[in-house]
Structures are given as structure tokens and as C-alpha cells.
Amino acid sequence: MSSKEPTWTDIKKIITGWSDKQLIGLVQDLYRLNPDNAAFLNARLLQQSAPKQALAPYKERIQQAVSPREPWKQDVRLSDGRKAISDFKKANGNAKNTLSLMVYYVQCGNDFTLEFGDIDEGFYNSMCSMVRQIRDRLLKEQDRKLTAEFLPILEGEFQRIDGQMGWGYADEFGEYVEDIKKAFNATDR
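Remember, predicted model here, so these are calculated numbers, not experimental data. Along each chain, residue indices are assigned from 1 in the same order as the chain's sequence is written. Whole-chain, interface and lining totals are the exception, using all residues; otherwise, since this is a predicted model, local features are given only for residues with pLDDT of at least 70 and side-chain atom pairs are given and counted only at 80 or more. No hydrogens and no water enter the side-chain calculation; it runs on all heavy atoms of the structure.

K.L.:
So what exactly am I meant to see when it comes to the overall build of the protein here?
P.N.:
Per the secondary structure count, the protein includes nine helices and zero strands. Projected onto the principal axes, the alpha-carbon positions of the protein cover approximately 60 × 40 × 35 Å. Each residue is placed in one exposure class: buried if its accessible area under a 1.4 Å probe, protein chains only, is under 20% of its type's maximum, exposed if it is over 50%, and partly exposed if it falls in between. Within the protein, the fraction of its 189 residues that count as buried is 39%. We call two residues in contact when some of their heavy atoms are within 4.5 Å. A sequence separation of at least 24 residues applies to 64% of the contacts in the protein between residues at least 6 apart. A 1.4 Å probe and the Shrake-Rupley method give the accessible areas. Residues count as covered only by the protein chains that appear here. Of the roughly 11,400 Å² of accessible surface on the protein, 51% is carried by carbon and sulfur atoms. Charged residues are defined here as Lys and Arg on the positive side and Asp and Glu on the negative side; His and the ends of the chain fall outside this count. Charged side chains are reduced to one point each, which is NZ for Lys, CZ for Arg, CG for Asp and CD for Glu. Seen as two clouds, the 27 positive and the 28 negative side-chain charges of the protein have centres 9 Å apart. Secondary structure elements are taken from DSSP: a helix is a run of H or I of four residues or more, a strand is a run of E of two residues or more, and numbering for both begins at the N terminus.

Put into C-alpha cells, the structure is as follows:
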């Protein structure tokens, strides 16, 4: 006889009849269970009242993964930094906050390579991919206010890395920034 794994449907049947107090107790237990649950709930529920606090644990994960303070003790783990962004998107999905984390990922990568020297092709491919995703998200949103907020940051990052890094990273980064400027008629900046 095989026993099947429980599913969300099984759980939903049980909690459907629960009181508010029982549900709040369950959420509280999940919140206390581990930091990822707490970060998820903070991102989902505090996005309006405390957006910086909602972003903080995700930024910390990105910084630790992409620009570890002691790289001789911990390897760069770009996939962990990307997972932090993905986890935030699942919890929140807010375009501005997601873009903030994406830009932060690139800033951390730039900080790391400026401090410790030229990295490898995979590292720069990941950075270029993230800048491309930022460009694509800004073009998809078609939000001039959002673009006006992030374009100067991207331009500043480009200025910071131009001529400092290999693998064609700065060139590709600059092309994506130019794409954004052209799409929003911001070429005269």
C-alpha cells in the first residue's frame, strides 16, 4: 500500500474551518520558524508601511552572495543572489522594489570586482544578464517615473565601471543603458 504525499488541498481542507485566532497562531509559528518565512511575510505585508525593512533581508542575502566581505572564506554565489531576487518577487512582486534589488545585485557585483580585481566570464555574464533584465523590466513597465528613478543609478554604475573591467562587461552595460535612454527619449541627459 502506497501512501501519497500531502498536498496543499489536504492542508486547505483542514484549515478552512479554523478560527481567526488559530490561523493567526499558525502564521505566527511559521514566522518564527525561520528567517525566510519572516522575510516572506515582511515583504508581502509590509511593502507599503515599511518597504526598506521588507527589502533588508533580501539585500543582505544578495550582498553576502555577490560581494562577500571575506571572499577568502566564502565563494561568490551568484545563483544565491539571484534566488534572493526571485524569492522577493514571489513574496511581493512590486516592480520598483524588485528593480531596486536587481540594481543592488549589479552594484554589489561592481563593488566586488572593483575591490578584488577582474573576475571571470561567468561573473560578467551574470552581471550583464541582470542589467539586461533591468532594461527589459523598465521597457515592459513603460513607467517614466520608475525609469527616471533608476536610469541615473544605472548611468552612475556605468561611469564607475567604464574602463575598469574586462570581458566586454562595461560595453554591454553601456548598450543596455543607451537602450533605456532611447526608449524614454532620455538621450540628452
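K.L.:
When you look at helix α6 (residues 95-116) in this model, what are you seeing that I'm missing?
P.N.:
Quick reminder: α-helices carry 3.6 residues per turn. Residues three or four places apart thus point the same way. The terminal C-alpha atoms of α6, which comprises 22 residues, lie 32 Å apart, in line with the 32 Å expected from a rise of 1.5 Å per residue. Measuring from the side-chain oxygen of the N-cap residue of α6 to the backbone nitrogen of K96 gives 3.0 Å; that N-cap residue is N94. Backbone geometry just after α6 places G117 at a positive phi near 95°. In this analysis, the expected span of each helix is defined as 1.5 Å times one less than the number of residues it contains. Polar contact is defined as a pair of N or O atoms within 3.5 Å, subject to the rule that within protein one atom must be able to donate a hydrogen and the other to accept it, and that residues adjacent in sequence are counted only when both atoms are side-chain atoms.

K.L.:
For this particular structure, what's the right way to read the nonpolar core?
P.N.:
The nonpolar side chains of a soluble globular protein tend to be buried with one another. We call a set of buried residues a nonpolar core when its members are Ala, Val, Leu, Ile, Met, Phe, Trp, Tyr or Cys and they connect through side-chain atoms within 4.5 Å of each other. Ranked by internal contacts, the top residues of the largest apolar core, which has 45 residues, are Y105, I134, Y169 and F173. Broken down by element, the residue count for this core peaks at nine residues, all from α6. Contacts of I134, omitting those with residues within four sequence positions, involve L99, M102, V103, V106 and L154.

K.L.:
How should the packing of aromatic side chains be read in this particular structure?
P.N.:
Any pair of aromatic rings gets described here by the distance separating the centres and the angle formed by the planes. For Phe, Tyr and Trp, where Trp contributes only its six-membered ring, two rings pair if their centres lie within 6.5 Å, and the inter-plane angle classes them as stacked under 30 degrees, edge-to-face over 60, or tilted in between. Tallying each qualifying case throughout the model produces seven aromatic pairs. Grouping aromatic residues by their ring pairs yields a cluster made of F112, F116, F123, Y124, F158, Y169 and F173. Two thresholds decide whether a charge sits over a ring: the Lys NZ or Arg CZ must be within 6 Å of the ring centre and within 35 degrees of the ring normal. A cation over a ring is seen here: K59 above Y104, with NZ or CZ 5.0 Å from the ring centre.

K.L.:
Got a minute to help me understand the layout of surface pockets in this structure?
P.N.:
Over the atoms, a rolled probe matching the size of one water molecule traces out where space is still vacant. Whether a set of points on the 1 Å grid over the protein atoms alone is a cavity depends on a 1.4 Å probe fitting there but being unable to get out, while an open set qualifies as a pocket with protein on both sides within 12 Å along at least five of seven lines; lining residues are those with an atom within 4 Å of a point. Grid points are joined across faces, edges and corners, and a volume is the space filled by probe spheres set on the points. Estimated volume of the largest pocket: approximately 300 Å³. Every residue lining the largest pocket is counted, 16 residues in all, and those nearest its centre are P51, L55, K96, N97 and S100. Those elements giving two or more residues to the lining of the largest pocket turn out to be α4 (51-66), α6 and α8 (144-161). When residues of the lining of the largest pocket are assigned to their parent elements, the largest contribution, six residues, is made by α6. Side-chain classes are defined by residue name, with Ala, Val, Leu, Ile, Met, Phe, Trp, Tyr, Cys and Pro counting as nonpolar, Asp, Glu, Lys and Arg as charged, and the others, Gly among them, as polar. Of the residues that constitute the lining of the largest pocket, the class distribution is six nonpolar, six polar and four charged. In terms of lining, the second largest pocket is formed by P35, D36, N37, A38, A39, F40, N42, P57, Y58, R61, D87 and K90. At the level of secondary structure, the elements contributing two or more residues to the lining of the second largest pocket comprise α3 (35-45), α4 and α5 (78-91). It is α3 that contributes the most residues to the lining of the second largest pocket, seven residues altogether.

K.L.:
Would you mind going over the pattern of salt bridges with me for this structure?
P.N.:
Close approach of charged atoms allows side chains with opposite charge to pair. Salt bridge, as used here, is a side-chain nitrogen of Lys or Arg placed within 4 Å of a carboxyl oxygen of Asp or Glu. Enumeration according to the criterion identifies 13 salt bridges in this entry. In this structure, K73 and E70 form a salt bridge, with 3.3 Å as the shortest nitrogen-oxygen distance. According to the relative accessible area criterion, K73 is exposed, its value standing at 64%. We classify E70 as partly exposed; its relative accessible area is 35%. Residues D179 and R135 are paired through a salt bridge, measuring 2.8 Å at the closest nitrogen-oxygen approach. Of the two residues, D179 is situated in helix α9 (residues 169-183) and R135 in helix α7 (residues 121-141); the sequence distance between them amounts to 44 residues. Overlapping salt bridges, with partners in common, bring together R61, K83 and D87 in one network.

K.L.:
Teacher, can you tell me more about the confidence of the model for the protein here?
P.N.:
Where the model shows low pLDDT, its predicted coordinates should not be examined in detail. Residues at a pLDDT of 70 or more form 97% of the protein, whose mean pLDDT is 90. Mean pLDDT across the elements of the protein ranges from a minimum in α3, with 85, to a maximum in α8, with 96. Along the chain, pLDDT gives the predictor's confidence residue by residue, from 0 to 100.

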